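What follows is each chain in one-letter form.
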Amino acid sequence: MASPYENLPARAFWLSTVGRTDAPGLAQLYSPKVELTRQTPLMTVGSCFARHIHQALTRDSWNVLQGEDMLSHMPEKLCHQYGYNLFSARYGNIYTARQFRQLVAHALDGETAPSPVWQRDGRYFDALRPTVEPEGVDHPDDVRHARLEHLRAVKEVLQGAESIILTLGLTECWLDVATGLALPTAPGHIAGDYDPAKVQFHNFTQSEVLADLRAARDLLRKADIKARFVLTVSPVPLVATASGHHVGPASTYSKSVLRAACGELQAEDADFDYFPAYEIVSTPIAGGPYFAPDGRQPSQQGIETAVACFALSHGGNVPCLKDQDRRPHMPRSPDPTDPQCEQILLEAYHK
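Keep in mind it's a predicted model, so treat the numbers as computed, not measured. Going along each chain's sequence as written, the residues are numbered from 1 onward. Given that this is a predicted model, residues contribute local features only at a pLDDT of at least 70 and side-chain atom pairs are listed and counted only at 80 or more, while totals for whole chains, interfaces and linings are drawn from all residues. Side-chain metrics rest on all non-hydrogen atoms present in the structure, leaving aside hydrogens and water.

(A) Quick peek at the packing of aromatic side chains. Within 6.5 Å between ring centres, the rings of Phe, Tyr and Trp (the latter by its six-membered ring) count as paired, and their orientation is classed by plane angle as stacked under 30 degrees, edge-to-face over 60, tilted in between. Scanning all chains against the criterion turns up nine aromatic pairs. Between phenylalanine 87 and tyrosine 91, the ring centres sit 5.8 Å apart and the planes meet at 35°, which makes this aromatic pair tilted. Assigned by exposure class, phenylalanine 87 and tyrosine 91 land together as buried. Note on phenylalanine 275 and phenylalanine 310: the rings are 5.4 Å apart at their centroids and 90° apart in plane angle, and the pair reads as edge-to-face. One end of the pair, phenylalanine 275, is in the loop between strand E9 (272-274) and helix H9 (277-282); the other, phenylalanine 310, is in helix H10 (residues 300-313), with 35 residues separating them in the sequence. According to the relative accessible area criterion, phenylalanine 310 is buried, its value standing at 4%. An aromatic cluster of at least three residues, connected via ring pairs, comprises Tyr30, Trp62, Phe275 and Phe310. Each residue is placed in one exposure class: buried if its accessible area under a 1.4 Å probe, protein chains only, is under 20% of its type's maximum, exposed if it is over 50%, and partly exposed if it falls in between. Numbering of helices and strands starts at the N terminus; helices are DSSP runs of H or I of at least 4 residues and strands are runs of E of at least 2.

Here is the structure:
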């Protein structure tokens with residue numbers, strides 16, 4: 001009796017693939033729709049996990065675009081403290097598909113982009129990227145001027161990119177009632193004052209995520225920008241949830257919605273691909289799970305394994321994985337007190 005499973009490749013079977021970290025095993029985890037090389041101009045954007053991808057690809061000699069490069073002007077640690085050289089531009093963490101959609105819209109029409117401003121102790125902050133100026137600035141006009149400069153840089157990166165590596169991290173979001181804008185965090189957390197009449201909690205559905213990603217692509221095509229997408233899902237669980245549910249199921253909901261949306265786009269839309277960083281870090285498929293002792297942050301080995309898989313799948317070479325722990329140029333997991341990650345800072349509200 002014939003079976004549809006008879007002639008499937010080894011990668012279709014759990015026992016043939018699970019736990020493999022050799023080069024052939026990693027290479028078969030991902031079959032890219034479009035071949036990339038280390039010379040392909042890449043844009044990185046997304047949640048905190050996207051920073052790992054950005055730093056690892058940059059240090060592994062991929063052509064990662066950098067629209068607001070300050071490394072030649074200040075030490076790396078200070079750059080990162082002020083939001084420079086963490087992603088392809090200084091947008092801070094883009095946790096949701098809605099945030100990315102509005103970033104694209106604002107960058108392509110930067111002169112009219114809204115710029116909500118928060119205040120703290122007489123200092124002013126860009127509500128759409130509140131961590132990039134840790135101490136704030138002197139005047140609201142300074143926020144708006146800096147934002148326009150930033151959006152011009154983002155537009156240049158978008159125009160130069162052939163592939164956008166977008167890491168989706170959350171479905172939970174706070175919306176500004178007056179403008180409808182998606183915020184990276186609620187006011188009152190980093191700056192501003194929480195007023196339930198002015199911000200609204202929203203938990204995006206799969207259909208909303210799909211609509212936002214397709215709308216962002218359509219905006220780019222209308223501007224004659226032909227970059228295609230490599231989507232990833234951050235394996236980092238939620239620090240806290242405002243959904244009213246336990247943080248564990250709430251985190252599973254977010255990751256499931258994002259992963260399902262990515263899978264649908266990968267299957268049905270030529271402009272979108274999916275790279276399985278989420279599975280590499282959070283499941284045993286490539287020798288994991290790979291988490292630091294806190295059970296949240298991906299370990300250095302996990303990040304290295306994911307980047308090795310990406311390189312091998314695109315026909316590149318990487319050093320033997322067992323030797324990578326001794327490679328000094330690979331990124332470290334972030335400091336848990338890192339002010340650049342709004343999600344990590346929510347832990348301070350635990351009582």
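(B) Inspection of the pairing of strand E5 (residues 172-176) at higher detail. Within E5, five of the five residues are buried, which leaves the element mostly enclosed by the surrounding structure. Here a strand pair is declared whenever DSSP counts at least two bridges between the two strands. Bridging between E5 and strand E7 (residues 199-203) involves five bridges; their strand directions are antiparallel. Paired with cysteine 173 across the two strands is histidine 202, which belongs to E7. Note that E5 and strand E6 (residues 182-183) share two bridges and pair antiparallel. Counted as the bridge partner of tryptophan 174 is leucine 183 from E6. Hairpin connection of E5 to E6: five residues between the antiparallel strands, including glycine 180 at a positive phi of 80°.

(C) Structural detail: the packing of helix H3 (residues 48-59) against H10. Here the axes come from fitting lines to C-alpha atoms, over the contacting stretch only for helices, and the angles between their N-to-C directions go from 0 to 180 degrees. Direction vectors running N to C along H3 and H10 enclose 60°, while the axes themselves pass 10 Å from each other. It follows from the interaxial angle that H3 and H10 lie oblique. Taken as a pair, H3 and H10 cross one another with a handedness that is right-handed. Across the interface between the two elements, His52, Ala56 and Leu57 of H3 pack against Ile303, Val307 and Phe310 of H10. Here the word oblique covers every angle except those under 35 degrees (roughly parallel), over 145 (roughly antiparallel) and from 65 to 115 (roughly perpendicular). If you view the pair so one helix is near and one far, a crossing is left-handed when the near helix is turned anticlockwise from the far one by less than a right angle, and right-handed when it is turned clockwise. The contact criterion used is simple: two residues touch if any of their non-hydrogen atoms lie within 4.5 Å.

(D) Inspection of the sheet that holds strand E8 (residues 228-233) at higher detail. Pairing within the open sheet is parallel, and its four strands lie in the order E1-E4-E8-E9. Of all strands in the sheet, those with a lone pairing partner are strand E1 (42-46) and E9, marking the two edges. On average, each strand axis in the sheet is inclined to that of its neighbour by 25°, with strand direction left out of account. Summarising the sheet, strand E4 (residues 163-168) and E8 pair through six bridges and their orientation is parallel. Within E8, the position partnered with threonine 167 by the bridge is threonine 232. Its contacts with the sheet place helix H7 (residues 206-222) against E4, E8 and E9, and it is angled at close to 155° to E8.

(E) Highlighting H3. Taking 1.5 Å per residue, 12 residues should reach 16 Å; H3 reaches 17 Å between its end C-alpha atoms and fits that length. When you tally the buried positions in H3, you get 10 out of 12 residues, the bulk of the element. Listed in full, the buried residues belonging to H3 are Cys48, Phe49, Ala50, Arg51, His52, Ile53, His54, Gln55, Ala56 and Leu57. Check the buried side of H3 and you find it contacts E1, helix H4 (76-81), E4, E8, H9 and H10. For a helix, the expected span equals 1.5 Å multiplied by the residue count minus one.

(F) The sheet that holds E6, seen in detail. Across the sheet, three strands lie side by side as E6-E5-E7; this open sheet has antiparallel pairing. Since the sheet does not close on itself, it has two edges, and those belong to E6 and E7, each with one partner.

(G) Fine view of the nonpolar core. Residue types Ala, Val, Leu, Ile, Met, Phe, Trp, Tyr and Cys, when buried and joined through side-chain atoms within 4.5 Å, form a set referred to as a nonpolar core. Counting 44 residues, the largest nonpolar core has Val45, Tyr91, Phe100, Ile164 and Leu213 as its most contacted members. Counting 27 residues, the second-largest nonpolar core is a separate cluster that includes Leu42, Val230, Ala306 and Cys309.

(H) Broad picture of the pattern of salt bridges. Here, a salt bridge means any side-chain nitrogen of Lys or Arg that lies within 4 Å of a carboxyl oxygen of Asp or Glu. Scanning the entire structure with this criterion turns up 18 salt bridges. We note a salt bridge from arginine 90 to glutamate 133, for which the minimum N-O separation is 2.9 Å. In this pair, arginine 90 sits in the loop between H4 and helix H5 (97-108) while glutamate 133 sits in the loop between strand E3 (123-126) and helix H6 (140-160), placing the two residues 43 residues apart along the sequence. On the accessibility criterion, glutamate 133 (25% relative accessible area) is partly exposed. In this structure, aspartate 141 engages arginine 144 in a salt bridge whose closest nitrogen and oxygen atoms are separated by 3.2 Å. Of the two residues, aspartate 141 and arginine 144 are both situated in helix H6; the distance of three residues between them amounts to about one turn of the helix. Arginine 144 gets classed as partly exposed once you look at its relative accessible area, which sits at 39%.

The values reported here are purely geometric and, on their own, carry no functional implication.
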